[in-house]
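# Structural overview
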Amino acid sequence: MICISGKASRSFHPIIGVVAKSHRPLFARKNTIFVTDKLNKSSIGYKACISSGRKGYFFHPDHIYNCKDIEILHDGDIVRIDATGCVSVLWEVKSHQNAFMITEACNCKCIMCPQPPRQHSPQLLQEAQYTLSLLKNKYIKQICITGGEPTLLGNNFIEFLHRCINEHPTANIDILTNGKNFSDREFTRNVAQVATNNVCFCVSLHSDIDTLHDNIVGANGSFSKTSIGLYNLAEYGCKIEIRHVINKYNYHRLINFAEHIYNYFPFCIHYAFMGMELYGNAASNKEEVDISPLDYSDELSDAILYLKRRGLPISIYNIPLCLCKKEVREFARQSISSWKNLYAKECDNCDLKKDCAGFFSTSVSLPINHIKPIKGAL
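Below you will find a few notes about this structure. What you are looking at is a predicted structure, and each value in this text was computed from that prediction instead of being measured. Along each chain, the written sequence defines residue order, and numbers are assigned to residues from 1. Reporting of local features is limited, given that this is a predicted model, to residues whose pLDDT is at least 70; pairs of side-chain atoms are given and counted only at 80 or more, and all residues count toward the totals for whole chains, interfaces and linings. In computing side-chain properties, one takes all heavy atoms of the structure into account and sets aside hydrogens as well as water.

## So, the overall build of the chain
Counted only if it meets this: Helix and strand labels come from DSSP, where a helix needs a run of H or I of at least four residues and a strand needs a run of E of at least two; each type is numbered from the N terminus. Our radius of gyration looks at C-alpha atoms and nothing else; its globule reference is 2.2 Å times the residue count to the power 0.38. Partly exposed describes any residue whose relative accessible area lies between the buried limit of under 20% and the exposed limit of over 50%, with all areas from a 1.4 Å probe on protein chains only and scaled to the type maximum. By definition in these notes, contact holds between two residues if any of their heavy atoms fall within 4.5 Å. The charge count treats Lys and Arg as positive and Asp and Glu as negative. His and the chain ends do not count. Every charge is mapped to an atom, namely NZ of Lys, CZ of Arg, CG of Asp or CD of Glu.
What the chain contains, in helices and strands, is 9 helices and 17 strands. Whereas a compact globule of 378 residues would reach a radius of gyration of roughly 21 Å, the chain reaches 22 Å, a difference of no more than 12%. With the principal axes as the frame, the chain shows a C-alpha extent of 65 × 55 × 35 Å. Per-residue burial over the chain gives 53% buried out of 378 residues. Of all intrachain contacts in the chain linking residues separated by at least 6 positions in sequence, the fraction that spans at least 24 positions is 66%. Seen as two clouds, the 42 positive and the 36 negative side-chain charges of the chain have centres 8 Å apart.

Set out below in structure tokens:
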């Protein structure tokens with residue numbers, strides 16, 4: 001998420017509210033965090049304030065002052081401020097890539113995970129629920145529910161999903177999951193009873209070989225549970241996407257993986273081959289997992305074209321167009337969240353920059369030397 005920082009006016013509990021960059025009537029300030037260059041008497045009555053200027057007075061609401069980069073905040077954004085001086089953007093009003101992270105706990109320890117597991121904090125779910133309340137009656141196109149592993153919350157996960165569906169019935173909802181808990185048929189049935197046709201379960205599967213998948217995710221038996229989970233979701237009529245993160249462990253088997261998902265999971269609505277974000281565990285294990293997309297471009301092309309010929313819907317996520325072979329560039333998507341999307345200076349000379357995924361700004365290194373600006377059409 002986007003974070004900017006300043007200094008807290010005093011010690012206070014975290015405050016969540018909707019950003020306003022112009023004044024609101026007094027009756028409309030209850031859940032509003034006012035963003036301004038300077039605090040004055042007209043700043044009274046808001047839930048909190050964020051200012052690029054000096055510290056306010058005792059009669060001002062709790063606030064963050066000397067805050068840099070306030071121009072990146074927009075009217076309607078939902079932010080959290082805390083006593084450390086941190087301003088975290090929980091929901092970007094201009095983005096269609098917002099996500100509710102409801103837990104950092106996980107039942108895997110993926111070697112390339114950009115968000116390493118932590119002990120579950122109930123505060124995350126509480127913040128997600130409150131943010132959802134602030135979004136009520138607003139038009140929302142896309143919702144993502146993620147973690148950690150969100151299904152670890154059991155009934156709380158189901159209840160949160162139900163709220164998202166009820167309050168935003170037209171929104172497309174993606175659930176990012178390793179799929180293991182869906183090996184429990186009763187749990188899958190309970191989730192499926194809530195899920196509508198707008199809900200898609202985006203399930204991670206990283207190899208066609210059980211031991212290799214289990215090694216990548218750091219938990220024995222995961223391949224079996226995920227595979228059973230995929231069949232249970234399909235049996236109960238849920239929409240499924242399979243996501244495959246490419247790394248040094250599995251890149252040489254991309255065509256084998258393509259054959260595997262065609263033979264065993266041809267019922268999914270979409271399949272995604274994904275470049276890595278070199279952050280978190282992926283950064284810590286860089287020597288083990290990192291490989292440039294250019295080095296597996298042949299393998300990726302073979303896998304994509306194999307699935308194309310068989311009529312399966314397929315995409316490439318998180319890989320720049322110039323690092324894909326020309327024959328599969330049509331499958332590459334602009335998939336990186338806007339707040340961490342980066343383009344190198346070399347990309348300025350590319351005719352296809354606006355259609356390209358670019359890079360993760362969070363990655364500890366980028367294959368800059370492999371960039372070759374493209375001239376002409378896709």
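## A short note on the sheet that holds strand 3 (residues 15–20)
Selection rule: A strand pair is defined by DSSP finding two or more bridges across the two strands.
With respect to topology, 8 strands assemble into an open sheet ordered 1-8-7-3-4-5-6-2, the strand pairing being mixed. Of all strands in the sheet, those bounded by a partner on one side alone are strand 1 (3–5) and strand 2 (7–8). Where strand 5 (residues 48–51) lies against strand 6 (residues 63–65), 2 bridges are found, and the strand directions are parallel. Bridging across to strand 6, Cys-49 finds its partner in His-63.

## A look at empty space enclosed by the protein
We count it as follows: In this analysis the probe radius is 1.4 Å and the grid spacing 1 Å, with only protein atoms considered; a cavity is a set of points the probe fits into but cannot get out of, a pocket is an open set with protein on both sides within 12 Å along at least five of seven lines, and lining residues have an atom within 4 Å of a point. Grid points are joined across faces, edges and corners, and a volume is the space filled by probe spheres set on the points. Any residue outside Ala, Val, Leu, Ile, Met, Phe, Trp, Tyr, Cys, Pro, Asp, Glu, Lys and Arg is labelled polar, Gly included; the first ten of those are nonpolar and the last four are charged.
Under the criterion given, the structure shown has 1 cavity of 30 Å³ or more. In this structure, the largest cavity occupies an estimated 80 Å³ of space. Lining the largest cavity, in full, are Pro-320, Leu-321, Cys-322, Tyr-343, Cys-347, Cys-350, Lys-353, Cys-356, Ile-371, Pro-373 and Ile-374. For the lining of the largest cavity, the class distribution of residues is 10 nonpolar, no polar and 1 charged.

## Some details on the environment of Pro-313
Relative to the helices and strands, Pro-313 resides in the loop between helix 9 (297–309) and strand 15 (314–317). Taking the relative accessible area as the measure of exposure, Pro-313 reaches 33% and is therefore partly exposed. Residues Pro-313 and Ala-272 lie 41 residues apart in sequence; the distance between their C-alpha atoms is 8.8 Å. Discounting residues that sit within four places of it in the chain, Pro-313 has contacts with Ile-269, His-270 and Tyr-271.

## Quick word on the pattern of salt bridges
Pairing between side chains becomes possible if they bear opposite charge and their charged atoms approach one another. To be explicit about the condition: Only one rule defines a salt bridge in this text: a Lys or Arg side-chain nitrogen within 4 Å of an Asp or Glu carboxyl oxygen.
Following the criterion strictly, the structure yields 15 salt bridges and no others. With a shortest N-O distance of 3.3 Å, Asp-290 and Lys-286 are connected by a salt bridge. Of the residues examined, Asp-290 reaches a relative accessible area of 22% and is grouped as partly exposed. Given the relative accessible area of 25%, Lys-286 is considered partly exposed. For the salt bridge of Lys-354 with Asp-355, the shortest nitrogen-to-oxygen distance reads 3.4 Å. By relative accessible area, Asp-355 is classed as partly exposed at 37%.

## Let's talk about the nonpolar core
Stated precisely, the cut-off is as follows: The criterion is simple. A nonpolar core is a set of buried Ala, Val, Leu, Ile, Met, Phe, Trp, Tyr and Cys residues joined through side-chain atoms within 4.5 Å.
Core analysis: the biggest nonpolar cluster contains 77 residues, and Phe-100, Ile-145, Phe-157, Leu-161, Phe-201 and Phe-273 have the highest contact counts within it. The contact partners of Phe-157, leaving out residues within four places of it in the chain, are Ile-102, Ile-145, Pro-150, Thr-151, Ile-175, Phe-187 and Val-191. Counting residues in each nonpolar core, the second largest holds 18 residues, with Phe-12, Val-79, Val-87 and Val-89 among its members.

## Some words on the layout of surface pockets
Taking a probe equal in size to a water molecule and rolling it over the atoms shows the remaining empty space. As a volume, the second largest pocket reaches approximately 270 Å³. Together, 19 residues line the second largest pocket, and Met-276, Asp-290, Ile-291, Pro-293 and Pro-367 are the ones closest to its centre. Considering only residue class, the lining of the second largest pocket consists of 11 nonpolar, 6 polar and 2 charged.

## Observations regarding a nonpolar patch on the surface
Short version of the rule: A patch consists of residues exposed above 30% relative accessible area that lack any salt bridge, with like charges linked at up to 9 Å and nonpolar side chains (Val, Leu, Ile, Met, Phe, Trp, Tyr) linked at up to 5 Å. Only the protein chains shown count as covering a residue, and every accessible area follows the Shrake-Rupley method with a 1.4 Å probe.
Taken together, the side chains of Ile-44, Tyr-57, Phe-58 and Phe-59 define a hydrophobic patch exposed on the protein surface, amounting to about 490 Å² of accessible area. Mapped onto the fold, Ile-44 is located in the loop between strand 4 (32–36) and strand 5. Its relative accessible area of 36% is what places Ile-44 among the partly exposed residues.

## Some words on the pairing of strand 8 (residues 86–91)
Most of strand 8 sits inside the fold, with 5 of its 6 residues counted as buried. Note: strand 1 against strand 8, 3 bridges, orientation antiparallel. Each bridged residue has a counterpart across the sheet, and for Ser-5 the counterpart in strand 8 is Cys-86. Between strand 7 (residues 78–81) and strand 8, which pair antiparallel and follow one another directly, the connecting turn spans 4 residues, one of which, Gly-85, has a positive phi of 90°.

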